[in-house]
Amino acid sequence: MAFTNEQIERYSRHIILKEVGVKGQKKLLNAKVLIIGAGGLGAPAAMYLAAAGVGTIGIADADEVDLSNLQRQIIHATADVGKAKVQSAKETMEAINPDVKVNTYRTFVTSENIMDLIKDYDFVIDGTDNFPAKFLINDACVMAKKPFSHAGIIRFQGQLMTYVPGEGPCYRCVFKNPPPKDAVPTCKQAGVIGAMGGVIGSLQAMEAIKYILGIGNLLTGYLLTYDALKMEFRKVKLPSETSGCAVCGTHPTITELIDYEQAECDGVGL
Ligand SMILES: [Zn+2]
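Residues numbered from 1 in each chain as written. Predicted model: local features only at pLDDT ≥ 70, side-chain atom pairs only at ≥ 80, totals over all residues. Heavy atoms only, no water.

**Overview of the pairing of strand 2 (residues 56–60)**
Here strand 2 lies mainly inside the structure; five of its five residues are buried. Residues Thr56, Gly58 and Ala60 line one face of strand 2 and the alternating positions Ile57 and Ile59 line the opposite face, and both faces are buried. In this sheet, strand 2 lies alongside strand 1 (residues 32–36) in parallel orientation, the contact comprising five bridges. Paired with Val33 across the bridge in strand 2 is Ile57. In terms of handedness, the path from strand 1 via helix 4 (residues 42–52) over to strand 2 forms a crossover that is right-handed. Where strand 2 meets strand 3 (residues 101–105), five bridges bridge the pair, whose relative direction is parallel. From the neighbouring strand, Thr56 faces strand 3, where its bridge partner is Lys101. After leaving strand 2, the chain enters helix 5 (residues 85–96) and then returns to the sheet as strand 3, a path that is right-handed. (Buried < 20%, exposed > 50% of the residue type's maximum accessible area, 1.4 Å probe, protein only. Helix = DSSP H or I, 4+ residues; strand = E, 2+ residues; numbered from the N terminus. Pairing = 2+ DSSP bridges. Right-handed = clockwise from strand over helix to strand, strands pointing away.)

In structure tokens form, the structure reads like this:
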């Protein structure tokens, strides 16, 4: 595949980097990334991946754009209110970069559909806002041997970790089980600064790009936490022993996907 003059210009700031170059840009154009959730995290992740020239981007979300989403979900505009989020996201990504093929899935992820959704993608971004989805994505990615980026945001705080099969702990290694229903407030109840999605969702896009290019160190084996009020990032080393994990351990007790009960405010989007 030879680049057009327009592509050489579009990707010139990538191509000039020795860690990317023409070869790396081709890897990006051949890569497939699935983003689950077109909300506060998924919006910036999707826009940066589209801009970077990730050739195939899948986006899954069942919701429609709500006026209260626009404070942080920057992939959607005021005129998109009422439109399916996946459609609005697709239009924005295609407007940023016509090189990108966008696949839309207007659905929530469930134990029924997730294996099918993730199977054709190289990397998964968890941009969901609820624990049942986060555990489902983790377990499915572990079972399907798919690398993924986990992230969560609330109020002024965010967290991030990356799972790569065989290279470190999974989300369940660290968090074991979802907290009891209603024990943890959702963003709708607790609030979130919009730029928090920008910070953490952009880091998710960066992890996907580094994974595709095979450069640098991924956030495997670490949890990155961000406290915006203190302006403090902390990279916490996670225990490297994973053999006892219920899903990625040597004798897994979770061998089928679980649909945990959804909290009442789920589905609003971060
Ligand atoms: Zn695990």
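Next comes the rest of the description.
**Overview of the coordination of the zinc ion**
Only Cys170 (SG), Cys173 (SG), Cys245 (SG) and Cys248 (SG) from the protein coordinate the zinc ion, and they sit 2.2 to 2.3 Å from it. What the four donor atoms of the zinc ion show is an angle range of 93 to 120 degrees at the metal, which sorts the shape as tetrahedral. Note on Cys170: relative accessible area 0%, which makes it buried. (Donors = N, O, S within 2.8 Å, 3.2 Å for Na, K, Ca; no water. Tetrahedral: all angles 85-135°; square planar, octahedral: opposite > 155°, others 65-115°.)

**Things to note about the pairing of strand 4 (residues 123–126)**
Looking along a regular strand, one sees side chains alternate from face to face of the sheet. What you see with strand 4 is no split at all: Phe123 and Ile125 on one side and Val124 and Asp126 on the other are buried throughout. As defined by bridge partners, strand 1 adjoins strand 4 across four bridges and the pair is classed as parallel. Residue pairing in the sheet places Ile35 in a bridge with Ile125 of strand 4. Here strand 4 runs beside strand 5 (residues 148–154); their pairing, made up of two bridges, is parallel. When the bridges of strand 5 are listed, Ile125 appears paired with Ser149. Once you follow strand 4 into helix 7 (residues 131–144) and on to strand 5, the crossover reads as right-handed.

**Details of the packing of helix 3 (residues 21–30) against helix 10 (residues 194–213)**
Packed helices, taken two at a time, are described by the angle their axes make and the gap between the axes. Between helix 3 and helix 10, the least distance of the axes is 9 Å, while the angle of their chain directions is 115 degrees. The angle between helix 3 and helix 10 places the two elements in the roughly perpendicular class. Handedness of the crossing formed by helix 3 with helix 10: right-handed. Taking contact as the criterion, the partners of Gly24, Lys27 and Leu28 in helix 3 are, on helix 10, Ile209, Ile212 and Leu213. Here the residues of the contact of helix 3 with helix 10 sort into four nonpolar, one polar and one charged. (Axes fitted to C-alpha atoms, helices over the stretch in contact; angles between N-to-C directions. Parallel < 35°, antiparallel > 145°, perpendicular 65-115°, else oblique. Left-handed = near helix turned anticlockwise from the far one by under 90°. Contact = heavy atoms within 4.5 Å. Nonpolar A, V, L, I, M, F, W, Y, C, P; charged D, E, K, R; others polar.)

**Some words on unusual backbone geometry**
In terms of backbone geometry, most residues other than glycine have negative phi values and most peptide bonds are trans. One non-glycine residue, Lys176, adopts positive backbone phi at about 60 degrees. Counting through the fold element by element, Lys176 comes out in the loop between helix 8 (171–175) and helix 9 (187–190). Unusually for a residue other than glycine, Met231 sits at a positive phi of about 50 degrees. Secondary-structure assignment places Met231 in the loop between strand 7 (222–227) and strand 8 (232–237). Of the residues examined, Met231 reaches a relative accessible area of 54% and is grouped as exposed.

**Side note on the sheet that holds strand 5**
Across a sheet, paired strands are connected by hydrogen bonds in the backbone, their directions being either parallel or antiparallel. The strand order 3-2-1-4-5-6-7-8 describes an open sheet built from eight strands, whose pairing is mixed. Looking at the sheet topology across the chains shown, the edges are occupied by strand 3 and strand 8. Across the sheet, the mean angle separating the axes of adjacent strands is 15 degrees when strand polarity is ignored. Its contacts with the sheet put helix 4 on strand 1, strand 2 and strand 4, and the angle it makes with strand 1 is roughly 165 degrees.

**Overview of the nonpolar core**
Ranked by internal contacts, the top residues of the largest apolar core, which has 29 residues, are Leu49, Ile59 and Met93. Listed by contribution, the elements that provide at least two residues to this core are strand 1, helix 4, strand 2, helix 5, strand 4 and helix 10. Those residues in contact with Ile59 that lie beyond four places of it in its chain are Leu34, Ile35, Gly37, Ala38, Ala46, Val86, Ala89, Met93, Val102, Asn103, Thr104 and Tyr105. Counting residues in hydrophobic clusters, the runner-up holds 27 residues, among them Met161, Cys170, Ile254 and Leu257. (Core = buried A, V, L, I, M, F, W, Y, C linked by side-chain atoms within 4.5 Å.)

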